[in-house]
Protein chains: 2
Amino acid sequence: MSAYVVGVDFGTASGRAVLVDCADGRELASASFPYANGVIDERLPAPHDHVRLEPDWALQDPEDYLRTLEYAVPQVLADSGIDPGDVIGIGIDFTSCTMLPTAADGTPLCLLEELRGEPHAWVKLWKHHAAQPEADRINAVAAERGEPWLARYGGRISSEWFFAKSLQILDEAPELYDRAERLIEAADWIVWQLTGTETRNSCTAGYKAMWSKRDGFPDSAYFAALDPQFEHVVDEKMSRTLLPPGSRAGVLTAWAAALTRLRAGTPVAVANVDAHVSAAAAAVTEPGSMVVIMGTSNCHILLGDELVFVEGMCGAVEDGVVPGLIGYEAGQSGVGDIFAWFAEQAVPPEYHEAARRQGEDVHRILEQEAAELRPGESGLLALDWWNGNRSVLVDADLSGLLVGMTLATKAPEVYRALLEATAFGTRVIVEAFESAGVPVAKIVACGGLPERNRLLMQIYADVTGRVFSVAASAETPALGAAMSAAVAAGAEAGGYDSIVEASRRMAHLSEHAYEPNEAHHAVYSDLYAQYVVLHDLFGRDGDGVMKSLKRIRDRTGEEVRMS
Amino acid sequence: MSAYVVGVDFGTASGRAVLVDCADGRELASASFPYANGVIDERLPAPHDHVRLEPDWALQDPEDYLRTLEYAVPQVLADSGIDPGDVIGIGIDFTSCTMLPTAADGTPLCLLEELRGEPHAWVKLWKHHAAQPEADRINAVAAERGEPWLARYGGRISSEWFFAKSLQILDEAPELYDRAERLIEAADWIVWQLTGTETRNSCTAGYKAMWSKRDGFPDSAYFAALDPQFEHVVDEKMSRTLLPPGSRAGVLTAWAAALTRLRAGTPVAVANVDAHVSAAAAAVTEPGSMVVIMGTSNCHILLGDELVFVEGMCGAVEDGVVPGLIGYEAGQSGVGDIFAWFAEQAVPPEYHEAARRQGEDVHRILEQEAAELRPGESGLLALDWWNGNRSVLVDADLSGLLVGMTLATKAPEVYRALLEATAFGTRVIVEAFESAGVPVAKIVACGGLPERNRLLMQIYADVTGRVFSVAASAETPALGAAMSAAVAAGAEAGGYDSIVEASRRMAHLSEHAYEPNEAHHAVYSDLYAQYVVLHDLFGRDGDGVMKSLKRIRDRTGEEVRMS
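Position labels on residues start from 1 in each chain and follow its written sequence. Chains carry letters from A onward and ligands carry numbers from 1 onward, assigned in written order. In keeping with the predicted nature of the model, local features appear solely for residues at pLDDT of at least 70, side-chain atom pairs appear and are counted solely at 80 or more, and the whole-chain, interface and lining totals rest on all residues. Values shown for side chains rest on all heavy atoms present in the structure; no hydrogens or waters enter the calculation.

Draft legend 1. Spatial organisation of the state of the cysteines. Here, two cysteine sulfur atoms that lie within 2.5 Å of each other are counted as a disulfide. This model, assessed by the stated rule, comprises zero disulfides over all chains. You can see Cys110 of chain A has no disulfide; the closest cysteine sulfur is in Cys97 of chain A, sitting 15 Å from it. Cys22 of chain B carries a free sulfur, and the closest cysteine sulfur to it, the one in Cys446 of chain B, is 20 Å from it. Any residue under 20% of the maximum accessible area for its type is buried, any over 50% is exposed, and the rest in between are partly exposed; the area is computed with a 1.4 Å probe on protein chains only. The buried category is assigned to Cys22 of chain B, whose relative accessible area is 2%.

Draft legend 2. Spotlight on a negative patch on the surface. Judged by side-chain charge, Glu350, Glu353, Glu369 and Glu372 of chain A together with Glu350, Glu353, Glu369 and Glu372 of chain B come together as a negatively charged surface patch. Structurally, Glu372 of chain B can be placed in the loop between helix H13 (362–371) and strand S16 (381–383). Judged by relative accessible area, Glu372 of chain B falls into the exposed class, the value being 65%. The patch calculation keeps residues exceeding 30% relative accessible area without a salt bridge and links them within 9 Å when they carry like charges or within 5 Å when they are nonpolar (Val, Leu, Ile, Met, Phe, Trp, Tyr). Areas reported as accessible are Shrake-Rupley estimates using a 1.4 Å probe. Residue values count occlusion only from the protein chains shown. A pair is scored as a salt bridge if a Lys or Arg side-chain nitrogen falls within 4 Å of a carboxyl oxygen belonging to Asp or Glu. Here the positive residues are Lys and Arg and the negative ones are Asp and Glu; neither His nor the chain ends is included. Working definition for charges: the position is that of NZ of Lys, CZ of Arg, CG of Asp or CD of Glu. Counting from the N terminus, the helices are the DSSP runs of H or I reaching at least four residues and the strands are the DSSP runs of E reaching at least two.

Draft legend 3. How the structure looks around the packing of aromatic side chains. What counts as a ring pair is set by centres within 6.5 Å for rings of Phe, Tyr and Trp (its six-membered ring), and what kind of pair is set by the plane angle: stacked under 30 degrees, edge-to-face over 60, tilted for all other angles. For the coordinates displayed, the defined rule picks out 48 aromatic pairs over all chains. A ring pair is formed by Tyr65 of chain A and Phe94 of chain A, whose centres lie 4.7 Å apart and whose planes are at 90°; its orientation type is edge-to-face. Of the two residues, Tyr65 of chain A sits in helix H1 (residues 62–80) while Phe94 of chain A sits in strand S5 (residues 87–94), which places them 29 residues apart along the sequence. On the numbers, 6.3 Å between centres and 85° between planes, the contact of Phe163 of chain B with Phe217 of chain B is edge-to-face. On the criterion of sequence distance, the pair formed by Phe163 of chain B in helix H3 (residues 162–172) and Phe217 of chain B in the loop between helix H6 (202–208) and helix H7 (220–226) is long-range, its members being 54 residues apart. The residues Phe163 of chain B and Phe217 of chain B share a single accessibility class, namely buried. Among the aromatic residues, ring-to-ring pairing joins Trp149, Phe162, Phe163, Tyr177, Phe217, Tyr222, Phe223 and Phe230 of chain A into one connected group. Each ring is checked for a lysine NZ or an arginine CZ that lies within 6 Å of its centre and within 35 degrees of its normal; such an atom marks a charge sitting over the ring. Over the aromatic face of Tyr528 of chain A sits the side chain of Arg427 of chain A, whose NZ or CZ is 4.1 Å from the ring centroid. A cation sits over an aromatic face here: Lys237 of chain B above Tyr177 of chain B, 4.4 Å from the ring centre.

Draft legend 4. Molecular detail of the pattern of salt bridges. Residue and element names in this part refer to chain A. Tallying each qualifying case throughout the model produces 62 salt bridges over all chains. Of the charged contacts in the structure, one is a salt bridge between Arg179 and Glu114, with a shortest N-O distance of 2.9 Å. Separated by 65 residues along the polypeptide, Arg179 in helix H4 (residues 174–179) and Glu114 in the loop between strand S6 (99–102) and strand S7 (123–124) bring together distant segments of the chain. Exposure remark for Arg179: the relative accessible area of 38% places this residue in the partly exposed category. Looking at Glu114, the relative accessible area reads 54%, which means it is exposed. Across the pair Asp219 and Arg145 runs a salt bridge, and its minimum N-O distance is 3.7 Å. Of this pair, Asp219 sits in the loop between helix H6 (202–208) and helix H7 (220–226) while Arg145 sits in helix H2 (residues 132–145); the two residues are 74 residues apart in sequence, bridging distant segments of the chain. Using a relative accessible area of 43% as the deciding quantity, one classes Asp219 as partly exposed. Given the relative accessible area of 37%, Arg145 is considered partly exposed. Residues joined in a network through salt bridges with shared partners are Asp61, Glu63, Asp64 and Arg67.

Draft legend 5. How the structure looks around the pairing of strand S8 (residues 182–185) of chain A. All names here are of chain A. Burial along S8 is two-sided: Arg182 and Ile184 facing one way and Leu183 and Glu185 facing the other are all buried. Where S6 lies against S8, four bridges are found, and the strand directions are antiparallel. What sits directly across from Leu100, in S8, is Ile184. At least two bridges found by DSSP between two strands is the condition for calling them paired.

Draft legend 6. Broad picture of the relation of the copies chain B and chain A. In superposing the copies, a least-squares fit is computed on C-alpha atoms, taking residues whose pLDDT is at least 70 in both. Between the two copies, chain B and chain A, the superposition gives an RMSD of 0.0 Å; the rotation angle is 180° and the shift along the axis is 0.0 Å. A rotation of that kind, with that shift, is consistent with a two-fold axis. Note on definitions: a residue-residue contact is assigned when non-hydrogen atoms from the two residues lie within 4.5 Å. Of all interface residues in chain B, 100% are interface residues in chain A too; the two copies therefore contact each other through one and the same surface.

Draft legend 7. Broad picture of the interface of chain B and chain A. At the interface, 53 residues of chain B touch 54 residues of chain A. Accessible surface is computed with a 1.4 Å probe, and the buried area is the amount of it that two parts give up when combined, taken over both parts together. Across the chain B to chain A interface the summed buried area is about 4,400 Å²; carbon plus sulfur atoms make up 64%. Where chain B touches chain A, the interface holds two salt bridges. Nitrogen and oxygen atoms within 3.5 Å of one another constitute a polar contact, given that in protein one can donate a hydrogen and the other can accept it, and given that sequence-neighbouring residues count only through two side-chain atoms. On the surface where chain B and chain A come into contact, there are 13 residue pairs in polar contact (both at pLDDT 80 or more). The element that contributes the greatest number of residues to the side of chain B that touches chain A is helix H20 (residues 545–562) of chain B, accounting for ten residues. Residues that form the side of chain B that touches chain A fall into these classes: 28 nonpolar, 15 polar and ten charged. The sheet contact formed by strand S17 (residues 400–405) of chain A and strand S17 (residues 400–405) of chain B spans five bridges and is antiparallel. Charged means Asp, Glu, Lys or Arg here, nonpolar means Ala, Val, Leu, Ile, Met, Phe, Trp, Tyr, Cys or Pro, and polar covers whatever is left, Gly included.

Draft legend 8. Structural view of the environment of Phe162 of chain A. All names here are of chain A. Structurally, Phe162 is set in helix H3 (residues 162–172). We classify Phe162 as buried; its relative accessible area is 3%. Each C-alpha atom of the pair Phe162 and Ala209 lies 5.4 Å from the other, and the pair is 47 residues apart in sequence. Once residues within four sequence positions are removed from consideration, Phe162 is found in contact with Cys97, Met99, Leu183, Ile184, Glu185, Lys208, Ala209 and Met238.

Draft legend 9. Structural context of the sheet that holds S17 of chain A. Pairing is antiparallel across the open sheet formed by four strands, whose spatial order is S16(A)-S17(A)-S17(B)-S16(B). Two strands close off the open sheet at either side, each with one partner strand: strand S16 (381–383) of chain A together with S16 of chain B. Pairwise comparison of adjacent strand axes, ignoring direction, gives a mean angle of 10° for this sheet. Here an angle of 0 to 180 degrees is reported between the N-to-C directions of two axes, which are lines fitted to C-alpha atoms, with helices fitted over the stretch in contact. Strands in contact with helix H19 (residues 518–539) of chain B are S16 and S17 of chain B; relative to S16 of chain B, the strand with the most contacts, it is inclined by about 35°.

Draft legend 10. Up close: the side chain of Thr266 of chain B. When you line up the elements, Thr266 of chain B lands in the loop between helix H9 (254–260) and strand S10 (267–269). When sequence neighbours within four positions are dropped, the list of residues in contact with Thr266 of chain B reads Val87, Ile88, Gly89, Ile90, Gly250, Val251 and Leu252 of chain B.

Draft legend 11. Here's a closer look at the sheet that holds strand S19 (residues 468–470) of chain B. Residues and elements named next belong to chain B. One open sheet accounts for six strands, arranged S14-S15-S13-S12-S18-S19; its pairing is mixed. The open sheet has two free edges, formed respectively by strand S14 (315–318) and S19, since each of these has just one partner strand. Taken over all neighbouring pairs, the strand axes of this sheet differ in orientation by 25° on average, direction set aside. Bridge count between strand S18 (residues 442–446) and S19: three bridges; the pairing is parallel. Bridge assignment links Val444 to a residue of S19, and that residue is Ser469. Contacts between helix H14 (residues 411–435) and the sheet are confined to strand S12 (289–294), strand S13 (298–304), strand S15 (326–332), S18 and S19, with S15 contributing the most and set at about 150° to the helix. Taken strand by strand, helix H16 (residues 454–464) contacts S12, S13, S15, S18 and S19, and its axis lies near 150° from that of S19.

Draft legend 12. Inspection of the pairing of strand S2 (residues 14–21) of chain A at higher detail. Residue and element names in this part refer to chain A. The buried fraction of S2 amounts to seven of the eight residues, a majority that puts the element mostly inside the structure. The turn joining strand S1 (residues 4–10) and S2, which pair antiparallel and follow one another in sequence, is formed by three residues. Of the pairings in the sheet, the one linking S2 to strand S3 (residues 27–34) comprises seven bridges and is antiparallel in character. Note on S3: the bridge partner recorded for Leu19 is Ala29.

Draft legend 13. Local environment of unusual backbone geometry. All names here are of chain A. Of the consecutive residues Ser96 and Cys97, the connecting peptide bond is found in the cis state with omega at -5°. Within the secondary structure, Cys97 sits in the loop between S5 and S6. That bond from Ser391 to Val392 is cis: its omega, 0°, falls within 30 degrees of zero. Within the secondary structure layout, Val392 lies in the loop between S16 and S17. Despite not being glycine, Asp56 has its phi angle at roughly 80°, a positive value. Along the polypeptide, Asp56 turns up in the loop between S3 and strand S4 (59–60). Since its relative accessible area comes to 28%, Asp56 is described here as partly exposed.

Now the structure itself:
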């Protein structure tokens, strides 16, 4: 008897569904939906497009998530020809922390007519970085009170996380904060829409909301110290009941069944995070193995036996990825985003014309020319902080840097320097883990970039001096979400009873692995030494040039808004 | 009776002639000739285009200089309708140090058939930076021997200068060095072609060849310490007879008259440097006044009463600009060159398309959008060292830096940051003079940029907090060369007996001067503080990141050439 599962991955620019055979992980169909409103970072959608957003804001429209279900799930059913009755479960994964305020019934506040013009009513996307003052307060108060959970997050909480974003709403829009009966991860919100029941997953809570299996959330006194009105945020607007990954959140309602064309009553897995759900889908289930999800940003998930302190990691959560192991998370907040920025904002017409002539993407043209260069040949070096630095510095106020330009510098050279910079950033993370005593024995890459960009992968292998394997699936998060669905359905229904078992049967690696070239590795180690000099100079100097520039910029921006 | 003079300015990319009325400096006609072989910096001209040049090389073709005379001088005669008999003199100015090896009769070695494939036989353009090892040796030996002249050049000799370039020929092509019976500034070479007689001017000798009116050239023991074969370089291949600016080098030969369509016997002024000849043409003849010649690079000429040591100036020469005063020179080795690099190498198609639609240059489009920004608004800051740093660091091995990029950074923001960076570079120079006790009371800009780029000029005023006047002439160096011709011709012939007198009558300022905006100046002072942090961090750290990158680059380049 055939059993199939559907996984839906909610990314930064689009959502995508896959329909997967439970027996072997074969992907029968996939479909994606580019969000109509994409990333909202300059002004709100019409008719409120007179509302301009300040720098560092990044919002989304929750209706884009529903449209993804409505378009992509029926599409994979149609493309595969699979009978909805043979689909034993659906699972989802999401970017995180992507969160929104809702009414008690789950209605997003931004869908209420009178609140559509209020930026704080919308979904705050993971890369919304405007809550840095709140993150600073969260860190300062935690340090002052000696909060024990701080060490689990590398000693610093990011502005991207749940309580920083929530506190920003309270700080800047207190009335809207009052209206928000629920504050919820978009991951859990979409599962709520599917099942009709509000559930919360322990993965986002553990990685993005300072929760742990042993100690729960920080205590109310801590929240009160941030702001008296924030004291009972958990009990008033969240939940202390958290379900582990792979468990069942509920079943599809009739409404959700009509939306997705699946059967009402189909099991729905508890929500999960795109990165974390990718580990098992990339065959990463053993201690010492790391998955690097490479896309707009990089996320590194490393499995370990023991909980130790590692500088600047994003979190270490027991059972967070695989039961019984510590799931360490680290990340780079700009990777593919930086390459895309470069291709759009800094590449002269000749390369775009070559792309048109060859019917290729401009990235491909740049890659072809960049691949002809030898390591070090351009004399360029970059700090990959266009979107701040997540690990190991945990500082959204850092910015990009490029050095070494001459009048002979060409676009493919800069492009390669940007690829290299992100590889250096990954090397910093790998070395931070190893020097803290958490071994990194195996690395598997997945996500949108490894498949498309062979040069990038070879650079990662050359820079780190390590073999980079690549997950076979082009849709690892969606496959991982589908694997969660298989576990939520259970072995009896044709699924599996554990994520490790599901991974063994459903996850595969690509045959080609990237081996480091030793000569290139030697040159890259010299360049890496210079990268580390710049990294420490600009990243560890608490009040250096980058912060000053941002302060001057913000001051100017305020004057403009006030004038 | 009408009297006219012709000035010919030999620039980096083209040469241009003006025909000027001696009475009031009115420019009756001008014509320019873009060099056929331009700047030769990748490979030699065909049929020797298999000869690739190493990084930092920049050569020119001396025939382009002759073609300039042949095309542009007849053109201004034709356009103005002036009778060659009413032209009382011709003067020229040149980039410097731009030098070449020739045979005893003045034939450039690169015009000898058997030497055309030898890079060292060609003209070394001012921005040829490959003689850095020789400059390092020149500085080290001078410091070791306590050479008294070193202080006149800010304590450091540039790789751009005459003896560094000459020594590079000896180091790398000793046989060609032997063949070179003369080593000569292109400025003097072109006067030789006009007059049939080899003369040397004291301006290039003073600023670029360590000569002074009081002490002459460094002594032979110093040259011998650089290399035994270099001991008698001055007596063997140069001359100790140096003529001051404004004096007469000779008169046009019949051959040169045929080339230029002027009369044989027309007085020819001694050669001069483009920057230095511009001072008088910009009405800068008093102590405390500075002319900034703004083009591909910036050159600052400041007049002072006394000779003092100023860090990183390019030279201080008695009578170098105006008789009786010290002419201080400082410079920025990349300005318009950097803007041009940016427009060509880093601007996406939309701006080029807008330029095409509006029938404008892409610089204009960038300027329009950049002008909408407020100081500090972009959060960007650059070090303007794409072509190294001339003053005050005197280091060709430095490179460009840009910091503050985010995913929202746009091309006009970077463009403005580059304009600002060059203004910060000028402020460093002005402050170095003032803190050494040489006052800067009046600034006049001239050259190709001030006329075309109002935003740039306003930024210079705002960054420095000083009024920037602009020379009325669009061809200041050529006007200055014409003024030299008027002095060479003398008052009796309808010219003048001194450059100060010629300046009083022939030089004019534009009516519009750029006044600093105090609010902008305040923000720029904050940004300037950060510029100084970066300047000192990257520029004064003798073996920092920029040098390491260049060393890695050069090592890689060597491996490529050897493989």
